[in-house]
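Survey of secondary and tertiary structure
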Amino acid sequence: MRSILWLIDNIITIYVYLLIASAVLSWLVAFNVVNVRNPIVSQIGEFLFRVTEPALRPIRRILPNLGGIDISPIILVLGLFFLRNLMFELFAGMA
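Residues numbered from 1 in each chain as written. Predicted model: local features only at pLDDT ≥ 70, side-chain atom pairs only at ≥ 80, totals over all residues. Heavy atoms only, no water.

Regarding the overall build of the protein
- A tally of regular secondary structure across the protein gives three helices and zero strands.
- The linear arrangement of helices and strands in the protein, starting from the amino end, is α-α-α.
- A compact globule built from 95 residues should have a C-alpha radius of gyration of about 12 Å, whereas the protein, at 16 Å, is more than 25% larger.
- Along the longest, intermediate and shortest principal axes, the C-alpha atoms of the protein span 50 × 30 × 20 Å.
- Taken over 95 residues, the protein has a buried fraction of 23%.
- Taking the contacts inside the protein whose residues are at least 6 apart along the sequence as the reference set, 59% of them involve residues at least 24 apart. (Helix = DSSP H or I, 4+ residues; strand = E, 2+ residues; numbered from the N terminus. Rg over C-alpha atoms; globule rule 2.2 N^0.38 Å. Buried < 20%, exposed > 50% of the residue type's maximum accessible area, 1.4 Å probe, protein only. Contact = heavy atoms within 4.5 Å.)

Details of the nonpolar core
- Judged by nonpolar contacts, Ile 12, Tyr 15, Val 16, Leu 19, Leu 56, Ile 59, Leu 76, Val 77 and Leu 80 together constitute the single largest core of nine residues.
- Only helix 1 (2–30), helix 2 (39–62) and helix 3 (72–92) provide two or more residues apiece to this core.
- Take this core: its biggest share by element is four residues, from helix 1.
- Beyond its immediate sequence surroundings of up to four residues, Ile 59 is in contact with Ser 72, Ile 75 and Leu 76. (Core = buried A, V, L, I, M, F, W, Y, C linked by side-chain atoms within 4.5 Å.)

Describing the packing of helix 2 against helix 3
- Interaxial distance between helix 2 and helix 3 falls to 9 Å at its minimum, and their mutual angle equals 110 degrees. Our classification of the angle between helix 2 and helix 3 gives roughly perpendicular. In this structure, helix 2 crosses over helix 3, and the sense of that crossing is right-handed. Every residue of helix 3 that contacts helix 2 at Ala 55, Leu 56, Ile 59 and Arg 60 is listed here: Ser 72, Pro 73, Ile 75 and Leu 76.
- A class-by-class count of the residues in the contact of helix 2 with helix 3 yields six nonpolar, one polar and one charged. (Axes fitted to C-alpha atoms, helices over the stretch in contact; angles between N-to-C directions. Parallel < 35°, antiparallel > 145°, perpendicular 65-115°, else oblique. Left-handed = near helix turned anticlockwise from the far one by under 90°. Nonpolar A, V, L, I, M, F, W, Y, C, P; charged D, E, K, R; others polar.)

Comments concerning the UniProt feature "transmembrane region" (unreviewed entry) in the protein
- The UniProt entry lists residues 12–34 and 62–83 under the feature "transmembrane region" (unreviewed entry), expressed in the numbering used here.
- The straight-line gap between the two end C-alpha atoms of residues 12–34 is 28 Å; of that span, 83% is helix and 0% is strand. (UniProt positions renumbered as here; feature names shortened; annotations may be inferred.)

Below is the structure:
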């Protein structure tokens, strides 16, 4: 049981890092720090978009329009940390 908890914890951690990388890349593109015409940057951006967008899209539909600020990654990260901690609390008695 511990190995399954460890695996799920690591998957959540990696996904949080991907969310952070996606947010940072979107800021770098918005401020013209990186050029999306570069094939490597374009591939990385496309990968991050395809990995994170399915989880962020439902949150964006629920949130009200805040202008140019997108807080959906923050809400998703907080939700993932909550689920991870809840998982450890629920299954701590079983181990």
